[in-house]
Amino acid sequence: MKKLILSMAMLCATSMLFAQNHYYQHNPMPDVVNQNAAPDSAPCDDCSVDQVTRLVSWNGAYNVSDIHQTGNMNDANVWQLGTGNYSQVEQDGANGFMGLGGSNNNADIYQSGTSNTSYVRQLGDYNDGWVIQMGAGNYADQIVGTGWAENNDAYVYQSGRRNASHQEQYYDNNDARVSQTGRVNNAIQAQNSGADGAEGSFASIDQNGFRNNANQTQTGSYNVAITEQDGRGNTSSETQNAGSYALGLGYITNTSYVSQNGVGNSNCLTQTEGGTGWNYNWVSQSGNYNKVTVNQFADTTGNYSFVDQMGNNNNACVQQVNGFNANPN
């Protein structure tokens, strides 16, 4: 399936690039178009995500759980019911290479109530962290990976009001997923891959409610980001930055899918490719007053953008640049 998607995307991207690079030669009205020089950049509207910074939400003297585990194949399970619960899990150990991180650690946290807070810290390879929170004002924070960490999974499910999730993963083959249902939910995910040339990371955010915010940042190659929002006043922002980790094959290095359904949704996407392949994005918006801004930059060749908007007063702005020294940074 992955090879099929890559092949289709490369075929579409190659066709679009040919049309863009030879635009003035094939334009049916060259005399009119050539009267004005091409602008330095597209007139894209600003698109940003306002995130609520959660520090320590827990403010009660009720249940407290603090787990520290060192070594490999650790298992931590926390189950808390009530108001003002707090949980912290730290798992560390030696992964057999320079004594960094741990291996095959597992953390499962379930919290139900009000103002619950959960922290998970996992270092090393093949770690698995699950956080499930039900209630109002819950906050989950997971940071996974150190050294040569790979194959880490982080999952958060939140249902309630003003939930927030912050996940960070480092190095290769990581998987981060967030699912939120409620009002004024926030999700931030950051992934850093490409340390040793392996495949990159996968990140997904699924939000259903009112005034949800999503922000995903990925660094490295072969990254995939998926955002799905259903509600009113949702905002999403994706930033993907690929380096030269694609083994020189010229394949797609960044892929972004965004689906928004509701009123007043907005999406902002920036993709930068550092010399190995293509950028690919797909945005679908259904509703009123939707807005999308896409910026794609490639040092060599390769941009592909597809935007589908249904509704009234929609606004779409796409800026694509390819060629050597195209990276604005």
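Since the model is a prediction, treat every value here as computed from it, not as a measurement.

Criteria and cut-off values
- All residue numbers refer to positions counted from 1 along the written sequence of the respective chain.
- Reporting of local features is limited, given that this is a predicted model, to residues whose pLDDT is at least 70; pairs of side-chain atoms are given and counted only at 80 or more, and all residues count toward the totals for whole chains, interfaces and linings.
- Remark: hydrogens and water are excluded; side-chain values derive from all non-hydrogen atoms of the structure.
- Secondary structure is summarised from DSSP: a helix means a run of H or I of at least four residues, a strand means a run of E of at least two, and numbering begins at the N terminus for each.
- Under the scheme applied here, a residue whose accessible area is under 20% of the maximum for its type counts as buried, over 50% as exposed, and between as partly exposed, the area being computed with a 1.4 Å probe on protein chains only.
- Two strands qualify as a pair provided that DSSP identifies no fewer than 2 bridges between them.
- Whenever two N or O atoms come within 3.5 Å, that pair is a polar contact, provided that in protein one can donate a hydrogen and the other can accept it, and provided that, for residues adjacent in sequence, both atoms are side-chain atoms.
- Should any heavy atoms of two residues lie within 4.5 Å, those residues are counted as being in contact.
- Per-residue confidence from the predictor is reported as pLDDT, a score between 0 and 100.
- Helix axes use the C-alpha atoms of the stretch in contact, all axes being lines fitted to C-alpha atoms, and the angles between their N-to-C directions lie in the range 0 to 180 degrees.
- A patch consists of residues whose relative accessible area exceeds 30% and which take part in no salt bridge; residues with like charges are grouped when within 9 Å of each other, and nonpolar side chains (Val, Leu, Ile, Met, Phe, Trp, Tyr) when within 5 Å.
- Only the protein chains shown count as covering a residue, and every accessible area follows the Shrake-Rupley method with a 1.4 Å probe.
- Just to be clear on terms, a salt bridge is a Lys or Arg side-chain nitrogen sitting within 4 Å of an Asp or Glu carboxyl oxygen.
- When charges are counted, Lys and Arg are positive and Asp and Glu negative, with His and the chain ends excluded.
- Lysine's charge is taken at NZ, arginine's at CZ, aspartate's at CG and glutamate's at CD.
- Any two of the Phe, Tyr and Trp rings considered here, Trp counted by its six-membered ring, make a pair once their centres fall within 6.5 Å; the pair's planes then place it as stacked at under 30 degrees, edge-to-face at over 60, or tilted in between.

Before going further, it helps to examine unusual backbone geometry. For V184, which is not glycine, the phi dihedral falls at a positive 55 degrees. Considering the arrangement of structural elements, one finds V184 in the loop between strand 12 (175–183) and strand 13 (186–192). Note on V184: relative accessible area 15%, which makes it buried.

Along strand 15 (residues 213–219), five of the seven residues are buried, which leaves the element largely enclosed by surrounding structure. Relative to strand 15, strand 13 runs parallel, the two being bridged by seven bridges. From the neighbouring strand, Q191 faces strand 15, where its bridge partner is Q218. Two strands pair when backbone bridges link them, and strand 15 and strand 17 (residues 235–242) are joined in this way by seven bridges, in the parallel orientation. Its bridge partner lying in strand 17, A214 is registered against S236.

As for its position among the elements, Q88 is in strand 3 (residues 86–92). When its relative accessible area of 16% is taken as the criterion, Q88 is described as buried. A polar contact of 2.6 Å, which involves the side chain of Q88, links it to the side chain of Y86. With residues up to four places along the chain from it excluded, the contact list for Q88 reads S65, D66, I67, H68 and Y119.

Turning next to the confidence of the model for the protein chain. Chain-level pLDDT for the protein chain is 75 on average; 69% of the residues reach the 70-or-more range. Here residues 1–38 scores under 50 on pLDDT; set against residues more than four positions off or in separate chains, the count is 30 contacts. Across residues 324–329 the pLDDT falls below 50, and counting only partners more than four positions away or on other chains, this stretch makes eleven contacts in the model.

Taken together, eleven strands build an open sheet; the order of strands is 1-3-6-9-11-13-15-17-19-21-23 and the sheet is parallel. The strands lining the two open edges of the sheet, one partner per strand, are strand 1 (64–70) and strand 23 (315–322). Neighbour-to-neighbour, the strand axes of the sheet open up by a mean angle of 0 degrees, direction not taken into account. Two elements, strand 6 (residues 117–122) and strand 9 (residues 139–144), share six bridges in a ladder whose sense is parallel. Its bridge partner lying in strand 9, V120 is registered against Q142.

On the surface, R161, R162, R183 and R211 cluster together into a patch of positive charge. In this structure, R161 sits in strand 10 (residues 153–161). Residue classification places R161 among the partly exposed positions, given a relative accessible area of 44%.

What follows is about the pattern of salt bridges. Within the structure shown, the criterion is met by one salt bridge. Of the charged contacts, one joins D175 and R177 as a salt bridge, the two residues approaching to 3.0 Å between their closest N and O atoms. Owing to a relative accessible area of 13%, D175 belongs among the buried residues under this scheme.

Scanning the entire structure with this criterion turns up five aromatic pairs. In textbook terms, an aromatic cluster arises when at least three aromatic residues are bridged by ring pairs, as seen for Y86, Y119 and Y139.

As for its placement among the helices and strands, W282 is situated in strand 20 (residues 278–288). Counting along the chain gives 23 residues from W282 to S305, while the straight-line C-alpha distance between them is 6.1 Å. Residues contacting W282, with those up to four places away along its chain left out, are S256, Y257, V258, S259 and F306.

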